[in-house]
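Read off the chains here:
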Amino acid sequence: MLVDQARNRVRDLIANDIYEGQFGTGTTAPQPTDTALETAVAGTNKSLSTTKFDKQLIFTHSLSNTEGNGNTMTEFALTMNSGSTLLTRDTVDGTPKDITKSFQTSILIFVE
């Protein structure tokens, strides 16, 4: 059994590796073998804010109303190395992005 101190150490290691998020327009279901977003949207690869709690991390990615416009966002990824290393990928129902919308996406990771 991992004790809480070890779980928080794993949390810290994860937090140190994940520091960017990006939207895409791909619709293929995520697979363990994915290496990139299906169709990344230029200008949406941005630094994340990270909040740590006991055995938990919250990564938050924000797009202003001027970023990523004209796209229907259907996938999101957490990455490292300026987007070149994919760590997570999820698909969502499509949300059109235009100048009337700002996006904020948060992902919670719990270390069990």
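1. Some words on the overall build of the protein chain
Item 1. A tally of regular secondary structure across the protein chain gives one helix and seven strands.
Item 2. Listed by position from the N terminus, the elements making up the protein chain come as α-β-β-β-β-β-β-β.
Item 3. For 112 residues, the compact-globule formula gives about 13 Å, and the C-alpha radius of gyration of the protein chain, at 15 Å, lands near that figure.
Item 4. Across its three principal axes, the protein chain shows a C-alpha extent of roughly 45 × 30 × 25 Å.
Item 5. For the protein chain, with 112 residues in total, the buried portion stands at 33%.

2. Section: the sheet that holds strand E4 (residues 56-63)
Item 1. Read from one edge of the open sheet, three strands run E3-E4-E7, paired in antiparallel fashion. In the strand order of this sheet, the two ends are held by strand E3 (49-53) and strand E7 (103-110), each with one partner. Strand after strand, the sheet turns through a mean of 15 degrees between neighbouring axes, direction not considered.
Item 2. By the bridge criterion, eight bridges tie E4 to E7 in an arrangement that is antiparallel.

3. A word on the confidence of the model for the protein chain
Item 1. Taken as a whole, the protein chain shows an average pLDDT of 93; of its residues, 99% reach a score of 70 or greater.
Item 2. The least confident element of the protein chain is strand E2 (residues 46-47), whose mean pLDDT is 92; the most confident is E4, at 96.

4. Side note on the environment of asparagine 8
Item 1. Residue placement: asparagine 8 occurs in helix H1 (residues 4-17).
Item 2. The sequence separation of asparagine 8 and leucine 57 amounts to 49 residues, and the corresponding C-alpha distance is 9.7 Å.
Item 3. When residues no more than four places from it in sequence are discounted, the contact partners of asparagine 8 are Phe53, Asp54 and Lys55.
Item 4. Polar contacts involving the side chain of asparagine 8 include one to the main-chain amide nitrogen of lysine 55, which spans 2.6 Å.

5. Concerning unusual backbone geometry
Item 1. With a phi angle near 60 degrees, lysine 55 is a residue other than glycine that sits in the positive phi range.
Item 2. Checked against the element boundaries, lysine 55 lands in the loop between E3 and E4.

6. Observations regarding H1
Item 1. Look at H1: 20 Å from first C-alpha to last across 14 residues, which is about the 20 Å you get at 1.5 Å a residue.
Item 2. For H1, the set of buried residues is Arg7, Asn8, Arg11, Asp12 and Ala15. Projection of H1 onto a plane perpendicular to its axis shows the buried side chains occupying an angular sector of 145 degrees, all on one side.
Item 3. In this fold, the buried residues of H1 make contact with E3 and E4.

Parameters at a glance
- One numbering rule holds for all chains: residues counted from 1, following each sequence as written.
- Reporting of local features is limited, given that this is a predicted model, to residues whose pLDDT is at least 70; pairs of side-chain atoms are given and counted only at 80 or more, and all residues count toward the totals for whole chains, interfaces and linings.
- Excluded from the side-chain calculation are hydrogens and water; included are all heavy atoms of the structure.
- A run of H or I in DSSP counts as a helix once it spans at least four residues, and a run of E counts as a strand once it spans at least two, with each numbered from the N terminus.
- Radius of gyration here uses only the C-alpha atoms, and the compact-globule reference equals 2.2 Å multiplied by the residue count raised to the power 0.38.
- Relative accessible area decides the class of each residue, using a 1.4 Å probe on protein chains only: under 20% of the type maximum gives buried, over 50% gives exposed, and in between gives partly exposed.
- Strand pairing is defined by DSSP finding a minimum of two bridges between the two strands.
- For every element, the axis is a line fit to its C-alpha atoms; helices are fit only across the contacting stretch, and the angle between N-to-C directions ranges from 0 to 180 degrees.
- The predictor attaches a confidence to each residue, and that confidence, scored 0 to 100, is pLDDT.
- What makes two residues a contact is simply this: any of their non-hydrogen atoms within 4.5 Å.
- Nitrogen and oxygen atoms within 3.5 Å of one another constitute a polar contact, given that in protein one can donate a hydrogen and the other can accept it, and given that sequence-neighbouring residues count only through two side-chain atoms.
- Multiplying 1.5 Å by the residue count of a helix minus one yields the expected span of that helix.
- The arc in question is traced by the directions running from the helix axis to the C-beta atoms.

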